[in-house]
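Chain and residue survey
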Amino acid sequence: MQKGHGSLPRDFLSIMKKIFLTLFFLIFTSLNTFAEGIVSQVVSAPVFANGTLRDMPSGLNIYLQTDNVQGLDFMNPEVLGYGVPPGGSIEVEMISGFERVPEVPLDGTSLLLTVGVPQQGLPEKTGGHIVSQGNNKNTFLIKPVGRDGMIPERLESPAKGAAFDQVQQRGIKIIHIGRNFAFMSRGEQGVVEVRFKDGGGNVIARGRGAINFLQKPIPQIFPTNVTHDQRNHNWQRLGPGQVVGVAKGTLPMPFLLFDADQGIHNKGIFGVGVLSRKQLDENGYEMPESLLRYDAGLILKDRNGDGFLDPRVDIILGGISSQAPEGAQGYQVVTPLVNEKPFLSKPTSDFNKRAGAAFGGSILQVVFIAGDRLGNYRLTFTLLEQPGDLESDDGASVTYTVVVE
């Protein structure tokens, strides 16, 4: 049939529809965070309130993994981290979404290798490496200085408390960017790539990840080790029914809190503690449907200054969700008591004057009563984007793992 000038063949329309759907998919997925290869996730560095805020200096942590050990399980100190073969190197490229600050060099003051989370640093002298600019202005180059490369079994943090960890971390597990700020976050999303190379310049491990930049500041919660001489408070080990923070060799689990605010060195959130789901039930508090995802308890801020927590009176900042061995009972997260009152969050400087002066904030500490089943208990502490708004979306979060053995 003869077609007029104003009509188009059906096969042409079909092709155009496919092209449109493909372009829509690419545009949509490009704004979703992703991680692949040896990168498990890209998150905000745990010392900057606005490290991932658009048009602010970039402060990032790139979490690594292997084919055999994925995600947060790679942070288990019993799992060996990465090394670098003799003559090899690591390249960290800020692929897109980052604007270089030309006056800040790409060196050991703007990138730090770490051996775990909370991050125990591996500075150049201890790690036996040098950080410099790679083959373009957006690429870090890390090269060993010794002929043996960087042997992972020998890569231990010089942090004072590391030697007292139940199991000491070894090997590279996280790449921290933004000690000195060499990049600004621009646009909607940032993409980074990590490449490990052998002595011949061949890529032997590669990964890429993306993070969506925040459009406005939100409250932040981070893992931290500014307490107890930088001991590792993650992956602590104890027996069934024992208490993390009381049992021999264990410590309370600490968090660094920042209030939502512009800038880098932000104010903390004070008077914060937690109530376990058991404590809430015993006090007759019926969890709103919008908060049922917080199966292990709530994070609250003392509103009236009486030093106690009550979800009917105080501000609900977020909650705690848990993953536990099947059938486990009796586990709960609680705020420790001091002089019969909850030990609520206090300025960082109360725990570590140097850290308080460097990045401010406040420190929250909690203890964990272990369940009756052996295995890993994974606890995720999440802040609402809008504190006090029970319909708010989830914002910042951090996960600790406890091993009951």
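Here's the deal with the overall build of the chain
- In terms of regular secondary structure, the chain is built from four helices and 27 strands.
- In terms of C-alpha radius of gyration, the chain reaches 23 Å, essentially the compact-globule figure of 22 Å for 405 residues.
- Counting only C-alpha atoms and orienting by the principal axes, one finds that the chain spans roughly 85 × 65 × 45 Å.
- Put simply, 71% of the contacts in the chain that link residues at least 6 apart link residues at least 24 apart.

Some points on the confidence of the model for the chain
- Taken as a whole, the chain shows an average pLDDT of 91; of its residues, 91% reach a score of 70 or greater.
- In this model, residues 1-10 is a region of pLDDT below 50 whose contacts with residues beyond four sequence positions or in other chains number three contacts.
- Within the model, the stretch residues 12-30 combines pLDDT values under 50 with two contacts to residues more than four positions away or in other chains.

Brief notes about the sheet that holds strand β15 (residues 236-238)
- Within the open sheet, the six strands sit side by side as β15-β27-β26-β20-β19-β18. Their pairing is mixed. Looking along the sheet, the strands with just one partner apiece sit at the ends: β15 and β18 (272-276). Between one strand axis and the next, the sheet turns through 25° on average, direction left out of account.

Things to note about the sheet that holds strand β9 (residues 139-144)
- Pairing in this open sheet of six strands is antiparallel, and the strands run β1-β13-β12-β4-β9-β8 from one edge to the other. Each edge of the open sheet carries a strand with a single partner, namely β1 (35-37) and β8 (129-133). Pairwise comparison of adjacent strand axes, ignoring direction, gives a mean angle of 15° for this sheet.
- Here five bridges tie β8 to β9, and the two strands are oriented antiparallel to one another.

Section: the side chain of Q332
- Take Q332: it is sitting in strand β21 (residues 332-334).
- With a relative accessible area of 14%, Q332 lands in the buried category.
- One polar contact links Q332 to S276, side chain to side chain, over a distance of 2.5 Å.

Quick word on the pattern of salt bridges
- Going through the model one piece at a time under the given rule, you end up with 16 salt bridges.
- E78 is the partner of R237 in a salt bridge, and the nearest nitrogen-oxygen pair spans 3.5 Å. Pair noted here: R237 is in strand β15 and E78 is in the loop between β3 (60-64) and β4 (89-96), with a separation of 159 residues, a long-range link.
- Residue classification places E78 among the exposed positions, given a relative accessible area of 55%.
- We note a salt bridge from R195 to E193, for which the minimum N-O separation is 2.5 Å.
- Classification of E193 as buried rests on a relative accessible area of 7%.
- The structure contains a network of salt bridges with shared partners spanning E91, E93, E193, R195, K197, R206 and R208.

Reading the values: the criteria
- Residues numbered from 1 in each chain as written.
- Predicted model: local features only at pLDDT ≥ 70, side-chain atom pairs only at ≥ 80, totals over all residues.
- Heavy atoms only, no water.
- Helix = DSSP H or I, 4+ residues; strand = E, 2+ residues; numbered from the N terminus.
- Rg over C-alpha atoms; globule rule 2.2 N^0.38 Å.
- Contact = heavy atoms within 4.5 Å.
- pLDDT = per-residue confidence, 0-100.
- Pairing = 2+ DSSP bridges.
- Axes fitted to C-alpha atoms, helices over the stretch in contact; angles between N-to-C directions.
- Buried < 20%, exposed > 50% of the residue type's maximum accessible area, 1.4 Å probe, protein only.
- Polar contact = N/O pair within 3.5 Å; in protein donor to acceptor, adjacent residues only side chain to side chain.
- Salt bridge = Lys/Arg side-chain N within 4 Å of Asp/Glu carboxyl O.

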